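# Per-entry structural report
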Amino acid sequence: MALSIAGLLVLLVVLINLTPVQNFLVRKATDMLSQRLKTTVSIQHVRFDFANHVLLQGVYVADQSKDTILYAGEVQVRVTDWFFLRNATPVLHYIGLHDAYVHLYRTSTSGVWNYQFLADAFSTKKDTTKKSKTIEIDLKKIDLQNVRFHMNDAWVGDDMNYDVGSFQLDAKGIDFKKKTIDVNNIEAVAVAISLYDYKGGRPAKHHATVPEVIDTTAFNPDKWQVKLNKLSLKNCAFNLKSAED
């Protein structure tokens, strides 16, 4: 007996909720993306709980020189339960990132960033005639473990390295729409921020001119309201180095 349309839809929903099926679909998608971008994009394991949870493991993206742009051992996101069935705006509540490395750079001989090909591939013209539904952000928890973000600009001569051993943020709410940040607790362990200025490789004709007028813009022009109950820092460091020309 042939299945009805409703039966087929139920069967499709059941299959999509199976982890092996999810992994098969994601591998097919990443293979197509790798061919389109002419580089390597891969995800080792996925699990989608269509109620409110997404888990990605072994996420890897290489640039066109085969260097790593992104590796993440584990990414977790939680949103509002069943928002798509209630036609509601999804609200982002939790972000977890473990064992991750992001490396953005441009060399002393080129003004093009290593991620530029990604920006070019996914750039689209903005349709001003349609109103898109935005994702509201009401973060309750940020969990970072062993995360490194390195942005090295040898063209200009400006490196920014952020290395995080552990960073836990427990908030009452972070609302970008209302511009409020209300945090119960921040615990940071082995967090190092290193900034390094040096002579870059770009020719003198490309150097930006120093503005004659000093910028006196207020520190918080958008009038964000920030509250923090408790801050704990352990084995954290801030390094600033400037090389002489």
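Residues numbered from 1 in each chain as written. Predicted model: local features only at pLDDT ≥ 70, side-chain atom pairs only at ≥ 80, totals over all residues. Heavy atoms only, no water.

## Let's talk about helix H2 (residues 19-37)
The criterion, for reference: Helix and strand definitions here come from DSSP, where helices need a minimum of 4 consecutive H or I residues and strands a minimum of 2 consecutive E residues; each element is numbered from the N-terminal end. Each helix should span, by expectation, one fewer than its residue count multiplied by 1.5 Å. To sort residues, take the accessible area from a 1.4 Å probe on protein chains only and compare it with the maximum for the residue type: under 20% means buried, over 50% means exposed, and anything in between is partly exposed. The arc under discussion is defined with respect to the helix axis, by the directions toward the C-beta atoms.
In this model H2 runs 26 Å from its N-terminal to its C-terminal C-alpha over 19 residues, within 8% of the 27 Å that 1.5 Å per residue would give. Of the residues making up H2, those classed as buried are Gln 22, Asn 23, Val 26, Thr 30, Ser 34 and Leu 37. When H2 is viewed along its axis, its buried side chains cluster within an angular range of 100° and face the same direction. Along H2, exposed side chains directed more than 90 degrees from the buried face belong to Pro 20, Met 32, Gln 35 and Arg 36. Where H2 terminates, the next one or two residues include Lys 38, which has phi positive at roughly 60°.

## Digging into unusual backbone geometry
Although it is not a glycine, Ala 190 sits at a positive phi angle of roughly 55°. Relative to the helices and strands, Ala 190 resides in strand E7 (residues 180-197). Its relative accessible area of 38% is what places Ala 190 among the partly exposed residues. The phi angle at Asn 235 is positive, at roughly 55°, despite the residue not being glycine. Tracing the sequence through the fold places Asn 235 in the loop between strand E8 (225-234) and strand E9 (237-242). Judged by relative accessible area, which is 64%, Asn 235 ranks as exposed.

## Digging into the pairing of strand E3 (residues 68-79)
Along a regular strand, successive side chains alternate from one face of the sheet to the other. Quick reminder of the rule: Pairing between strands requires that DSSP locate at least two bridges from one strand to the other.
In this sheet, E3 lies alongside strand E2 (residues 53-62) in antiparallel orientation, the contact comprising 9 bridges. Bridge assignment links Val 61 to a residue of E3, and that residue is Leu 70. Once E2 ends, the chain turns through 5 residues before running back antiparallel as E3, passing Lys 66 with a positive phi of about 70°. As defined by bridge partners, E3 adjoins strand E4 (residues 91-106) across 9 bridges and the pair is classed as antiparallel. Among the inter-strand pairings, Leu 70 is bridged to a residue of E4, identified as Val 102.

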